[in-house]
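# Breakdown of the fold
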Amino acid sequence: MSIEIKVPDIGGDEVEVTEILVSVGDKVEVDQSLLSVEGDKAAMEVPAEQAGTVKEVKVNVGDTVTTGTLVFIFEGEAQDSATDSKEAEKTDEVAPAASSGSSTKEVTVPDIGDDEVEVTEVMVAVGDSVEEEQSILNVEGDKAAMEVPAPFAGTVKEIKVNTGDKVKTGSLVFVFEVAGGDNQSAPAADSKAQEKPAEQASASSTKEVSVPDIGDDEVEVTEVMVAVGDSVEEEQSILNVEGDKAAMEVPAPFAGTVKEIKVATGDKVKTGSLIFVFEVAGSAPAAAPTEKSAPKAESKSATQAESKPAASSAKASSESFENNSAYAHASPVVRRLAREFGINLANVKGTGRKNRVVKEDVQNYVKQLVKQVESGQVPAAKGNAGGGELGLIPWPKVDFAKFGEIEEKKLSRIQKLSGKNLHRNWVQIPHVTQFDEADITSLEQFRKEQNALNEKKKLGVKITPLVFVMKAAAKALAEFPTFNSSLSEDGESLILKKYINIGVAVDTPNGLVVPVFKDVDKKGIIELSRELMEVSVKARDGKLSSSDMQGGCFTISSLGGIGGTAFTPIVNAPEVAILGVSKSEMKPKWNGKEFEPKLMVPLSMSYDHRVIDGALAARFTVTLASYMSDIRQLVM
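Cut-offs applied
- Residues numbered from 1 in each chain as written.
- Predicted model: local features only at pLDDT ≥ 70, side-chain atom pairs only at ≥ 80, totals over all residues.
- Heavy atoms only, no water.
- Phe/Tyr/Trp six-rings, centres within 6.5 Å; stacked < 30°, edge-to-face > 60°.
- Buried < 20%, exposed > 50% of the residue type's maximum accessible area, 1.4 Å probe, protein only.
- Helix = DSSP H or I, 4+ residues; strand = E, 2+ residues; numbered from the N terminus.
- Pairing = 2+ DSSP bridges.
- Axes fitted to C-alpha atoms, helices over the stretch in contact; angles between N-to-C directions.
- Parallel < 35°, antiparallel > 145°, perpendicular 65-115°, else oblique.
- Left-handed = near helix turned anticlockwise from the far one by under 90°.
- Contact = heavy atoms within 4.5 Å.
- Nonpolar A, V, L, I, M, F, W, Y, C, P; charged D, E, K, R; others polar.

### Focus: the packing of aromatic side chains
Enumeration according to the criterion identifies 11 aromatic pairs in this entry. Aromatic pair Phe-72 and Phe-74: ring centres 6.2 Å apart, planes at 55 degrees, arrangement tilted. We note that Phe-72, like Phe-74, is buried. Arranged with centres 5.8 Å apart and planes meeting at 70 degrees, the rings of Phe-480 and Phe-620 form a pair that is edge-to-face. With a gap of 140 residues between them, Phe-480 in the loop between helix 9 (465-479) and strand 26 (485-487) and Phe-620 in helix 11 (residues 614-629) connect regions that are remote in the sequence. The class for Phe-620 is buried, based on a relative accessible area of 0%.

### Here's the deal with the sheet that holds strand 8 (residues 70-75)
Strand order in the open sheet made by the four strands is 1-8-6-3, with antiparallel pairing throughout. The open sheet terminates on both sides in strands that have one partner only, identified here as strand 1 (2-6) and strand 3 (27-28). Sheet topology note: the strand 1/strand 8 ladder contains five bridges and is antiparallel. The partner of Glu-4 across the bridge, within strand 8, is Ile-73.

### Topic: the packing of helix 9 against helix 11
Between helix 9 and helix 11, the shortest axis-to-axis distance is 9 Å and the interhelical angle comes to 135 degrees. In terms of axis orientation, helix 9 runs oblique to helix 11. Crossing of helix 9 against helix 11: the hand is right-handed. On helix 11, the residues that touch Val-469, Ala-472, Ala-473, Lys-475, Ala-476, Leu-477 and Glu-479 of helix 9 are Phe-620, Thr-623, Leu-624, Tyr-627 and Met-628. When grouped by side-chain class, the residues that make up the contact of helix 9 with helix 11 number nine nonpolar, one polar and two charged.

This is the structure:
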């Protein structure tokens with residue numbers, strides 16, 4: 001009898017066949033792995049739903065398959081159907097008797113977040129008696145490993161998962177046989193619950209708190225500012241997050257009491273991520289008492305999950321990496337990570353349960369290799385390998401304490417991220433800096449007059465020289481569109497932008513940030529001045545969002561309020577130019593007949609020489625200086 005074996009339910013995505021684990025003629029047991037497949041989100045092995053002998057293999061390595069695709073044809077035994085029918089009859093006979101003495105209850109995966117995790121060990125067998133809170137399943141995800149506890153006592157009747165299966169919150173994993181009294185007590189419990197509707201209505205309801213709109217970027221949780229049980233006011237800061245470009249505090253959208261904290265320090269979140277559950281005054285019924293054990297079990301498991309990676313990470317970093325010639329015990333997620341890094345798992349020592357290679361082991365192995373390359377113990381690869389092509393000697397190791405007292409101060413996250421970006425930009429962009437100066441004598445006179453008028457009118461706005469620089473730059477960018485462009489990712493074309501957004505570098509206690517002012521060419525001096533004042537305050541308070549720092553076309557870095565005559569600013573990729581403004585000073589300028597005092601401001605413009613040549617850069621700065629010298633041109 002021929003049996004068709006198809007791909008089980010793996011969702012709506014197509015996956016690629018990466019390995020065929022059986023051959024024609026092989027005898028296969030139920031649940032034996034037949035096929036390895038890999039998609040965008042996960043890798044998995046397809047098990048045999050029935051036993052038999054492989055008659056035909058319908059797919060090849062590299063084929064794309066989906067749910068229901070025919071992958072094998074098995075030759076089954078003719079007696080199977082008869083045996084199945086007898087077993088079904090026996091089951092039918094036993095069922096009525098069993099129902100009178102006991103009932104079955106399903107065991108599902110508790111709340112473990114939105115991620116899929118892999119079953120690494122089934123810790124009980126059919127027929128085992130299980131106590132409440134006893135560990136019954138080991139699962140492992142990208143971030144942690146944890147044990148799933150039994151939510152109630154009973155006897156294992158069915159196991160619905162196998163080692164290697166993917167599960168998530170709510171997945172059915174076991175069926176338990178429990179005392180039959182549960183069914184009889186259910187109506188009583190229901191009637192008791194119905195006796196107190198008014199009492200529950202006057203209680204509280206829960207509301208979820210999500211990350212507000214912070215743009216498209218992921219940010220890292222740096223501090224959880226409240227604890228379970230805290231009473232929180234509306235707009236109170238509850239979470240600190242930090243991204244590549246800014247740090248900010250997330251406020252509470254409404255008042256309430258913290259019931260659950262869904263994130264931890266170091267987690268990555270984005271717009272819409274669930275971060276808290278608040279208990280607020282409302283009419284929704286309170287949670288049933290039977291559900292109280294689930295959060296307890298979940299928090300216990302979460303604590304274990306957090307401690308395991310930390311311990312394994314510390315262990316891995318303190319021990320040398322061993323060459324393991326045996327088969328590497330690792331999940332598909334870890335295998336995929338190793339392939340992405342180009343790492344042979346046989347060389348990685350596993351620190352997980354039963355020497356399993358976990359994600360932290362691979363990461364620590366890679367870190368160790370990087371350290372060896374940086375210290376010169378291992379030669380760096382030639383070519384574009386992150387600086388190895390520069391042929392630099394190792395960074396000098398100096399014990400500074402030998403020469404006197406020292407103090408070590410950690411860099412802020414913004415400083416570390418900025419440093420990496422600046423280093424990349426300086427190394428990868430061929431910089432040239434064009435120096436010039438602009439006569440702002442009349443501009444400064446006009447600015448002071450307008451500020452005096454604004455003070456009389458009590459407009460509450462102060463115009464700074466930087467606003468005029470922004471307007472002049474916007475007009476120059478419109479005239480020279482090459483400066484308002486970016487190189488394509490392949491470096492083969494130029495992307496010309498039809499909008500003019502200008503970033504302004506702001507010095508804050510935590511480091512340098514660059515908020516972006518949108519459509520500068522369409523805004524007036526007063527409007528820009530107000531916006532500049534508001535954004536500067538937000539930047540220094542660390543309240544800028546990611547969206548406040550996206551979409552820039554050109555950057556201005558002004559040191560005019562501090563001093564200096566010129567400097568070389570670093571281009572802010574993927575932009576192609578940046579303007580540096582230094583402190584203005586009075587200089588004697590020849591007008592053809594005599595010297596007269598003029599207020600001159602130094603300009604330093606760095607540009608990407610792959611896109612802009614020297615002649616074009618000179619024309620741009622001359623035009624920019626002309627607009628600043630005669631601001632009447634800005635309204636033309």
